[in-house]
Amino acid sequence: MKRVFVALSLIAVLAPAAAAAAESEPPAEISLRRSGCPGADNRRASEHKREDAMRCLINRVRERAGVRGLQSNRSLERAAGGKVGDVVRCGLSHTACGEAADAWARRTGYIDGGSFKWGENLARGKGGRGTAKSVLRAWMGSPPHRETLLTGAFEHLGLGLKTEGKNAVWVLQLGCRGC
């Protein structure tokens, strides 16, 4: 039986004329061996516990890379939860079901005009490749996903996870407003 892992990454920026300076390159390797995040390897844990493990892992890798941690944001959590439903129904795409990539962030009020920075990572993994740790490891091994995860300007995150049988679909949305 072949295990599948697919992931997509996207960053969007709308800022006043002066864009933020380029960020420094993150360290090449960040270990996840001793994460200290309960449930990071458990594909049978509840979706809520696996989402908590992913939040923990994301903040651990950001900390180890010298980047500030992210705070959960209610609007982005709702946006990621809505987006994961679209991705499950219509396929792994930032524009699932024909919606703009940031449609859910706008719909929930996270993006409401003004300057912002917003990013999104998507993943689908089967079996052990759908755990929080394996998905984060795959994102860290992919330059565009890694860039999204370690962008220092981001302040907030929202996660969506849907499990269908042995398949896990993840949506991570990150952002900052007024940045």
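Every residue gets a number counted from 1 within its own chain, in the order that chain's sequence is written. Selection of residues for local features in this predicted model requires a pLDDT of at least 70, selection of side-chain atom pairs for listing and counting requires 80 or more, and totals for whole chains, interfaces and linings are taken over all residues. Where side-chain values are given, they derive from all heavy atoms of the structure, hydrogens and water being excluded.

Whenever a helix is involved, its axis is fitted only over the stretch in contact; in every case the axis is a line through C-alpha atoms, and angles between N-to-C directions fall within 0 to 180 degrees. Comment: elements are numbered from the N terminus, with helices defined as DSSP H or I runs of at least four residues and strands as E runs of at least two. Running from amino to carboxyl end, helix α4 (residues 132-140) crosses helix α5 (residues 143-150) at an angle of 105°, the nearest separation of the two axes being 6 Å. Looking at the two axes, α4 sits roughly perpendicular to α5. For the pair α4 and α5, contact is made by L136, W139 and M140 and by H145, R146, L149 and L150, respectively. Following the grouping adopted for this structure description, the nonpolar residues are Ala, Val, Leu, Ile, Met, Phe, Trp, Tyr, Cys and Pro, the charged ones are Asp, Glu, Lys and Arg, and the polar ones are all others, Gly among them. Here the contact of α4 with α5 is composed, by residue class, of five nonpolar, one polar and one charged. Working rule for angles: under 35 degrees goes down as roughly parallel, over 145 as roughly antiparallel, 65 to 115 as roughly perpendicular, anything else as oblique. Contact definition: two residues touch when any of their heavy atoms are within 4.5 Å.

Where the residue is not glycine, phi is negative for most of them; where a peptide bond is considered, it is trans in most cases. Positive phi values are uncommon outside glycine, yet C97 reaches one of about 60°. Looking at the element boundaries, C97 is found in the loop between α2 (74-90) and α3 (103-107). The exposure class of C97 is partly exposed, given its relative accessible area of 34%. Exposure classes here rest on a 1.4 Å probe applied to the protein chains alone. A residue is buried below 20% of its type maximum, exposed above 50%, and partly exposed in between.

So, on to the pairing of strand β5 (residues 167-177). Among the eleven residues in β5, nine count as buried, and that is most of the element. Between any two strands, pairing holds if DSSP finds at least two bridges. In the sheet, strand β3 (residues 116-126) pairs with β5 via eleven bridges, with the strands oriented antiparallel. Among the inter-strand pairings, W118 is bridged to a residue of β5, identified as G175. Here strand β4 (residues 156-164) runs beside β5; their pairing, made up of nine bridges, is antiparallel. In the strand pairing of β5, G160 is matched with V171. Once β4 ends, the chain turns through two residues before running back antiparallel as β5, passing G165 with a positive phi of about 65°.

With that settled, consider the environment of N167. Secondary-structure assignment places N167 in strand β5. Sequence separation of N167 and G128 is 39 residues, and the distance between their C-alpha atoms is 9.3 Å. If we ignore the near neighbours within four places in the chain, the residues touching N167 are G125, K126 and K162.

Okay, the state of the cysteines next. Cysteine sulfur atoms are paired as a disulfide whenever they fall within 2.5 Å. If you walk through the whole model with that rule in mind, you get three disulfides. Two residues, C37 and C56, share a disulfide whose sulfurs are 2.0 Å apart. Between C37 and C56 the sulfur-sulfur dihedral comes to about -75°; the bridge is accordingly left-handed. Of this pair, C37 sits in the loop between β1 (5-14) and α1 (47-64) while C56 is found in helix α1, placing the two residues 19 residues apart along the sequence. Owing to a relative accessible area of 21%, C56 belongs among the partly exposed residues under this scheme.

It is worth spelling out the nonpolar core at this point. In these notes, a set of buried Ala, Val, Leu, Ile, Met, Phe, Trp, Tyr and Cys residues joined through side-chain atoms within 4.5 Å is what counts as a nonpolar core. Ranked by size, the top nonpolar core spans 26 residues in total, and within it M54, I58, L136, W139, L149, W170 and L172 carry the most contacts. In this view, L172 contacts I58, G119, E120, N121, W139, L149, L157, G158 and L159; residues no more than four positions away in its chain are not counted.

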